[in-house]
Amino acid sequence: MTHFDGRRFLVLAYPAQGCLNPSLIFAETLIRVIPNSQVTFVTSLHANRRLTTTKQSSLPNDNGANNTSNLSFTPFSDGFDDGFTIDDIERQVLEFNRRGSQAVWEILEAARREGNPYTCLVYNFILTWAADVAAEHKVPAAMFWLQPATVFNIYDNYFHGYKEIIRDNSKNSSFSLSFSGIPFPMSTKDLPSFMDESTEKSSYIRFYQEIFEGLEKEGTNTKLVLANTFDELEPEVIRVINNKFNLIGIGPLIKSTSFKGSDLSQQSSVDYIEWLNTKPKTTVIYVSFGSISNLSKRQMEEIGKGLLEFGRPFLWVIRENVKDNNNNSELSCRKELDKLGMIVSWCSQMEVLSNESIGCFLTHCGWNSTLESLASGVPMVAFPQWTDQWTNAKLVEDLWKTGVRVKPNEDGIVTSGEIKRCLELVMGENENGVEIVRSNAKKWQNSIKEAMKEGGSSEKNFINSMTNVIY
């Protein structure tokens, strides 16, 4: 390897779309704002294949890194080279951690032996082992937190006195509690889903426990927490967190085409942007539930009926690889839906949200999708599924006031009538309420533009935080 007389960063990304998108933009931002810097991007083979060629000067092969520019890619096999679903996550995380720790150790060791060591390792927050691997090579580490600062604060409280209180009241619908820095009480259904023992994935709470144990252990190698948020979005909670941790808002790190899903080969042959361009301003509902969540057949039917009852055009993304035969061709109302709107298996989300025809985003409230909607000034109907999405939906409705949250029935199903009710609140004829939501959405869009611009709060935070790690 040719010696590089500059700053070398290793960015380690978990191979889920919600982690890859901001991690890749983080890597690009490092190169842009830190002079004479070089970044090695490390993730799984499957994820690496799915990265678009526009992010690389030449496409890396599966066996090695592409070092022809300041951004290079070094993938490794996590044993899921054909991808994974939500049902595989527990096994996949364990394998990614086991194989990834070895791969990262070898990358850092090779650089050390060549006399060209890395300056800093930046890792996605669930990959806590990375800090220990970096410490073995005396390389500083920074954690990249990919959820709201509010969620970070809630988890910290959960592991420091709130766990039993929350668990004991998980079935009490009238129970609520307050956290410092959060300006309203939270019910158990506003907290991250892993805190609810009745949910199928509640065992995942241990991953978060490892995160906070790692941050608090004596002599930790993690020097700071970089969060994909910005000061103006969550000012009070960031202030509270920084009484204990060094958390810096450097976001939102979003871009339209940094990553594409695995459904590209099944993409609709109809140009959805061309179709959107035929619609009047703010008249189209955009519907998407991310790259992992699988809705039941019954829930899919209710969404379809709700869209038909509301009667506005829509663009609905339904992945064609979903399980339980939930693909778009099996919806009982498919013919009626095709007359009113368009169903596709993939789209460029920021390109869609930026289109003037979009009037509302019916979303699972993944953090990337939430930030992208805020950045586009698009009101939301929050339809959370799991993990931080429950809290994100609460923030959308009660803190930023840019949308409303659906209310499931006693069976956990959001009915067509409830979907129609929520769409009416953000797109209907209730002019005063609708205008308030739209006005708030535009306000946050402008705030994000200010934070992201050259010299804005997020760029300043980015440069200062990374400079502190380097020196």
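Residues numbered from 1 in each chain as written. Predicted model: local features only at pLDDT ≥ 70, side-chain atom pairs only at ≥ 80, totals over all residues. Heavy atoms only, no water.

Stated formally: UniProt positions are given in the numbering used here, feature names are shortened, and annotations may be inferred rather than shown by experiment.
By the naming in an unreviewed UniProt entry, the protein is Glycosyltransferase, taken from Cannabis sativa. Here is the UniProt Sequence similarities (unreviewed entry) comment for the protein, exactly as written: "Belongs to the UDP-glycosyltransferase family."

## Section: the side chain of threonine 391
Put simply, the rule reads: Numbering of helices and strands runs from the N terminus; a helix is a DSSP stretch of H or I covering at least four residues, while a strand is a stretch of E covering at least two. The contact rule is simple, with two residues in contact once any of their heavy atoms fall within 4.5 Å.
As for its position among the elements, threonine 391 is in helix α13 (residues 389-399). Beyond its immediate chain neighbours, meaning those up to four positions away, threonine 391 contacts Thr150, Val151, Ile154, Met186, Asp190, Leu191 and Pro192.

## Considerations on the pattern of salt bridges
Threshold: Any Lys or Arg side-chain nitrogen located within 4 Å of an Asp or Glu carboxyl oxygen qualifies as a salt bridge.
Summed over the entire model, instances satisfying the criterion amount to 23 salt bridges. Salt-bridge contacts for arginine 206 lead to glutamate 90; the nearest nitrogen and oxygen are separated by 3.0 Å. One end of the pair, arginine 206, is in helix α6 (residues 205-216); the other, glutamate 90, is in helix α3 (residues 89-113), and 116 residues separate them in sequence. A salt bridge links lysine 281 to glutamate 356; the nearest nitrogen and oxygen atoms lie 3.9 Å apart. Pair noted here: lysine 281 is in the loop between α8 (272-276) and β10 (284-288) and glutamate 356 is in the loop between α11 (349-353) and β13 (358-363), with a separation of 75 residues, a long-range link. A single salt-bridge network, built from bridges that share partners, covers Asp190, Lys394, Asp398 and Arg405.

## Some points on helix α16 (residues 457-470)
We apply this condition: By this rule the span expected of a helix is its residue count minus one, scaled by 1.5 Å.
For α16, which comprises 14 residues, the first-to-last C-alpha distance of 20 Å matches the rise-based estimate of 20 Å (1.5 Å per residue) to within 8%. Elements that come into contact with the buried residues of α16 comprise β1 (7-12), α1 (17-33), β4 (120-124), β8 (222-227), β9 (247-249) and α15 (431-452).

## Topic: the sheet that holds strand β14 (residues 380-382)
What counts here: By the convention used here, strands pair only if DSSP detects at least 2 bridges between them. Here the axes come from fitting lines to C-alpha atoms, over the contacting stretch only for helices, and the angles between their N-to-C directions go from 0 to 180 degrees.
One open sheet holds the six strands; their spatial order is β12-β11-β10-β13-β14-β15, and the pairing between them is parallel. A single partner strand is all that each edge strand has here, and the edge strands are β12 (342-344) and β15 (403-405). Here the average twist between neighbouring strands, direction ignored, is 15 degrees. Taken together, the three bridges between β14 and β15 define a ladder with parallel strand orientation. In the sheet register, methionine 380 faces β15, and the bridge partner there is glycine 403. Packing of helix α14 (residues 416-427) onto the sheet brings it into contact with β10, β13, β14 and β15, and relative to β15 it is tilted by some 165 degrees.

## Focus on the nonpolar core
The cut-off we apply is this: Remark: nonpolar core denotes a set of buried residues (Ala, Val, Leu, Ile, Met, Phe, Trp, Tyr, Cys) joined through side-chain atoms within 4.5 Å. Residue burial is assigned from relative accessible area. The probe radius is 1.4 Å, only protein chains are included, and a residue is buried under 20% of its type maximum, exposed over 50%, and partly exposed in between. Marked domain ranges trace back to an automatic or database domain assignment.
By size, the foremost hydrophobic cluster in this structure holds 128 residues, and its most contacted members are Leu12, Phe26, Phe41, Trp145, Leu226 and Met466. Formed jointly, this core draws a minimum of three residues from each of two domains, domain 1 (8-152 + 193-256 + 455-469) and domain 2 (272-450). Ignoring anything within four residues of it in the chain, the contact list for phenylalanine 26 reads Val11, Val122, Phe144, Leu226, Ile250, Leu253, Phe462 and Met466. By size, the runner-up hydrophobic cluster in this structure holds 28 residues, among which are Leu295, Ile318, Cys360 and Met427.

## With respect to the domain arrangement of the protein
Rules: Accessible-area loss on putting two parts together, using a 1.4 Å probe and summing over both, is the definition of buried area adopted here.
The domains assigned to the protein are domain 1 (8-152 + 193-256 + 455-469) and domain 2 (272-450). Computed over C-alpha atoms only, the centres of domain 1 and domain 2 are separated by 29 Å. At the junction of the two partners, domain 1 supplies 33 residues and domain 2 supplies 26 residues. Here domain 1 and domain 2 share an interface that buries about 2300 Å² over both sides, 68% of which is from carbon and sulfur atoms.

## Regarding α13
Burial of α13 is extensive: eight of the eleven residues sit out of reach of the surface. Residues of α13 that are buried in the fold lie against α5 (149-168), β7 (186-187), α12 (367-376), β14 and β15.

## Details of the sheet that holds β9
Read from one edge to the other, the open sheet built from seven strands follows the order β3-β2-β1-β4-β5-β8-β9, with strand pairing classed as parallel. Taken across any chain shown, the strands that pair with only one partner, and hence form the sheet edges, are β3 (71-73) and β9. On average, adjacent strands in this sheet sit at an angle of 25 degrees to one another, irrespective of strand direction. Bridge analysis of strand β2 (residues 37-42) against β3 gives three bridges, and the strand direction is parallel. Each residue of the ladder has a partner; that of valine 39, found in β3, is leucine 71. Contacts from α1 reach β1, β2, β3, β4, β5 (141-145) and β8, with the element oriented near 165 degrees to β2. Sheet strands touched by α5: β5, β8 and β9. Its angle to β5, the strand with the most contacts, is close to 105 degrees.

## So, unusual backbone geometry
With an omega of 0 degrees, the peptide bond running from glycine 251 to proline 252 counts as cis. Along the chain, the position of proline 252 falls in the loop between β9 and α8. We note that threonine 282 has phi near 50 degrees; this positive angle belongs to a residue other than glycine. Tracing the backbone shows threonine 282 in the loop between α8 and β10. Positive phi values are uncommon outside glycine, yet threonine 387 reaches one of about 45 degrees. Turning to its location among the elements, threonine 387 is positioned in the loop between β14 and α13. On the basis of relative accessibility, which here comes to 9%, the residue threonine 387 falls in the buried class.

## Some words on the packing of α14 against α15
To keep it simple, the criterion reads: Note on terminology: angles under 35 degrees are roughly parallel, angles over 145 are roughly antiparallel, angles of 65 to 115 are roughly perpendicular, and the others are oblique.
It is at 6 Å that the axes of α14 and α15 come closest, and there the two elements cross at 75 degrees. Comparing the axis directions of α14 and α15 gives the class roughly perpendicular. On α15, the residues that touch Glu424, Leu425, Val426 and Met427 of α14 are Gly433, Val434, Val437 and Arg438.

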